[in-house]
Number of protein chains: 2
Amino acid sequence: MCQLLGMNCNTPTDIVFSFEGFRRRAGLTDTHSDGFGIAFFEGKGVRVFRDDKPGHNSPIADCVKQYHIKSLNVIAHIRKATQGDVNLENTHPFIREIWGENWVFAHNGNLKSLPDMSESLCQPIGTTDSETAFCYIAEELKKRYRKKPSEEEIFQAIQEITQELVHRGTFNFMLSNGEWLIAHCSTNLHYITRQAPFGKAQRIDDDGVIDFNDYAKEGDKVTIISTFPLTKNETWTKMKHGGFVFFKDGEKIREVEGIEKELEDDGTLGCAGVTPCFA
Amino acid sequence: MCQLLGMNCNTPTDIVFSFEGFRRRAGLTDTHSDGFGIAFFEGKGVRVFRDDKPGHNSPIADCVKQYHIKSLNVIAHIRKATQGDVNLENTHPFIREIWGENWVFAHNGNLKSLPDMSESLCQPIGTTDSETAFCYIAEELKKRYRKKPSEEEIFQAIQEITQELVHRGTFNFMLSNGEWLIAHCSTNLHYITRQAPFGKAQRIDDDGVIDFNDYAKEGDKVTIISTFPLTKNETWTKMKHGGFVFFKDGEKIREVEGIEKELEDDGTLGCAGVTPCFA
């Protein structure tokens, strides 16, 4: 299983404070050591850094830390392999071009019996359930619309296509086109929106502290989405089963709330539902 | 205009010796300062590093140098913008998924009046002629074959599709799927295949010297393809106008020779044909 980290903002923001806590879960405070990846949007372009080494000590992750890239939308992933070998092509996030945009996708979960995509226009490169599911979403979106439709239509279409996949297993995912970020929760996703008045935050994984007053200005809005909360002194919103949130310019603009559901430990929930991933 | 660098080998090889000379042309020994990019295949996966800063002093390029990534196929590009703004989405190499593989493309030249791809299944993300041409190639290949055909059929199809584009301008390009690398020459492309007995090479751009005997072993084959030669004491093969070469496992396995042609300085030839790019 895996863990997800996303960011959506209204001003280019450095994700290093969150990423430094998150990457410790890739081998230090948790066991998601089968590769990591992070994608930063920069305009319509994307910078992607991936490594099949553990995120906590990957030199590529050190490179990410060093350059303090600022972005409006970021998706990161640390992997504990369930399906597919540990190699670069199986490392999230995955990218496809849809309607002349980079779309970035990362998944936490385990899907079984996915559609055969071997003759589709959008085919998986690696062997993960996650990339196959993303290709299915991309293919279905392109079938429905040859040109980019409205955000409302996109949000609606992604919900409908997701419904065709959710019964196949656990399907927490994040998806962004660089303008917005959509999060879907099967089992575990949490988010927090930071805006004025800003305060201090303390990381769970290594007690690192930041005072956002030193970095943010009036009007800034930054939402962080993560499988589990990253800070110990802030209130994170836990998404419900089947919940969808559409973030844009740093805040939630559309939502399907989902339902409370007792999680069953069917072996597809990873670290969720049994023992906490951190203390 | 731009310059191209490619590598195709039969054993994972570190391209840093060539790249270090090449990147000096991005602002020091030449004026290709509008961004750089380099893509390394690793299995079916690709690592891509891009920057819209000049390659010669880009921190991202320093990161590439530092980690000595070894690969069987590499494509790199330094840009001097002709069409499209200087930003990340216009920075080569471009990547698309074709038949479940990463395909990497970089272009040196200038194409006019390209087909409208705004409703195609493969659409450009940026505003360069280069990415639009690559999308055209990808779209046409997918139309012809829903599953990956033989190498012979791929090589033939790419030649035919290229013929539909070459009359639109200058079209030097490199294309790789991680197994092979195809180079097409309109004006300037040179290559060299290094194999036993190995010797020393001296870079043109900064006189750096390497003795390949210290790195290569019997049986290794490494082909380097570049817009202009990178070393001063080796014999590079100059490709002809319309020439195609298909490299695999470090050597040329198929070729369409092209014709000798006096290059006209129509403003699309960049540094070619007028004054040499280096002394």
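Residues numbered from 1 in each chain as written. Chains lettered and ligands numbered in written order. Predicted model: local features only at pLDDT ≥ 70, side-chain atom pairs only at ≥ 80, totals over all residues. Heavy atoms only, no water.

S.K.: Tell me about the overall build of chain A, and please be specific about residues and values.
M.R.: For chain A, the count of helices and strands is four helices and 15 strands. For 279 residues, the compact-globule formula gives about 19 Å, and the C-alpha radius of gyration of chain A, at 17 Å, lands near that figure. For chain A, the residues scored as buried account for 59% of the 279 residues in total. Long-range pairs, those at least 24 residues apart, make up 72% of the contacts in chain A between residues at least 6 apart in sequence. Taken as a whole, chain A presents about 10500 Å² of accessible surface, with 47% of it coming from carbon and sulfur. Across chain A, 32 positive and 41 negative side-chain charges occur, with their mean positions spaced 2 Å apart. (Helix = DSSP H or I, 4+ residues; strand = E, 2+ residues; numbered from the N terminus. Rg over C-alpha atoms; globule rule 2.2 N^0.38 Å. Buried < 20%, exposed > 50% of the residue type's maximum accessible area, 1.4 Å probe, protein only. Contact = heavy atoms within 4.5 Å. Areas by Shrake-Rupley, 256 points an atom, 1.4 Å probe, with all protein chains shown as cover. Lys, Arg positive; Asp, Glu negative; His and termini not counted. Charge placed at Lys NZ, Arg CZ, Asp CG, Glu CD.)

S.K.: Please provide a residue-by-residue account of the relation of the copies chain B and chain A, values included.
M.R.: The transform that puts chain B on chain A rotates by 180° and translates by 0.0 Å along the axis, for an RMSD of 0.0 Å. In short, the pair behaves as if placed about a two-fold rotation axis. Take the interface residues of chain B: 100% of them recur as interface residues in chain A, which is what a same-surface contact looks like. (Least-squares fit on C-alpha atoms with pLDDT ≥ 70 in both.)

S.K.: Please provide a residue-by-residue account of the side chain of Asn-102 of chain B, values included.
M.R.: For Asn-102 of chain B, the position within the fold is in strand S6 (residues 101-111). Asn-102 of chain B sits in the buried class, given a relative accessible area of 13%. There is a polar contact of 2.8 Å between the side chain of Asn-102 of chain B and the backbone oxygen of Lys-44 of chain B. Asn-102 of chain B has contacts with Ile-125 of chain A together with Phe-41, Lys-44, Gly-45, Val-46, Ile-95, Arg-96, Ser-176 and Asn-177 of chain B, leaving out every residue within four places of it along the chain. (Polar contact = N/O pair within 3.5 Å; in protein donor to acceptor, adjacent residues only side chain to side chain.)

S.K.: Please provide a residue-by-residue account of unusual backbone geometry, values included.
M.R.: Cis geometry is found at the peptide bond from Ala-196 of chain A to Pro-197 of chain A, where omega equals 0°. Relative to the assigned elements, Pro-197 of chain A resides in the loop between strand S9 (190-194) and strand S10 (200-202). Even without a glycine there, the phi angle at Ser-113 of chain B is positive, about 50°. Among the secondary structure elements, Ser-113 of chain B is positioned in the loop between S6 and helix H3 (129-144). Assessed through its relative accessible area of 59%, Ser-113 of chain B is described here as exposed.

S.K.: I'd like a description of the interface of chain B and chain A, backed by residues and values.
M.R.: Contacts between the two partners involve 34 residues from chain B and, on the opposite side, 34 residues from chain A. In this assembly, chain B packs against chain A so that about 3100 Å² is buried in total across both faces, 53% of it on carbon and sulfur atoms. Among the residues chain B hides against chain A, the three largest losses belong to Leu-121, Ile-125 and Arg-146 of chain B. Together they make up 22% of the total. Between Glu-119 of chain A and Lys-147 of chain B there is a salt bridge whose closest N-O contact spans 3.9 Å. Where chain B meets chain A, there are 19 residue pairs in polar contact (both at pLDDT 80 or more). When contributions to the side of chain B that touches chain A are tallied by element, the ones reaching two or more residues are strand S3 (45-51), helix H2 (59-67), strand S5 (94-98) and S6 of chain B. Ranked by residue count, the leading element in the side of chain B that touches chain A is S3 of chain B, at seven residues. Residues that form the side of chain B that touches chain A fall into these classes: 13 nonpolar, seven polar and 14 charged. (Buried area = accessible area lost by both parts, 1.4 Å probe. Salt bridge = Lys/Arg side-chain N within 4 Å of Asp/Glu carboxyl O. Nonpolar A, V, L, I, M, F, W, Y, C, P; charged D, E, K, R; others polar.)

S.K.: I'd love a proper account of the environment of Cys-122 of chain A, names of residues and values included.
M.R.: As for its placement among the helices and strands, Cys-122 of chain A is situated in the loop between strand S6 (101-111) and helix H3 (129-144). For the pair Cys-122 of chain A and Glu-139 of chain A, spaced 17 residues apart in sequence, the C-alpha separation works out to 5.9 Å.

S.K.: Which residues make up the environment of Ile-210 of chain B, and what values go with them?
M.R.: Residue and element names in this part refer to chain B. When you line up the elements, Ile-210 lands in strand S11 (residues 209-211). As for Ile-210 and Lys-200, which are separated by 10 residues in sequence, their C-alpha atoms are 5.5 Å apart. In this structure, Ile-210 is in contact with Phe-17, Gly-199, Lys-200, Ala-201 and Tyr-215, ignoring residues within four places of it in sequence.

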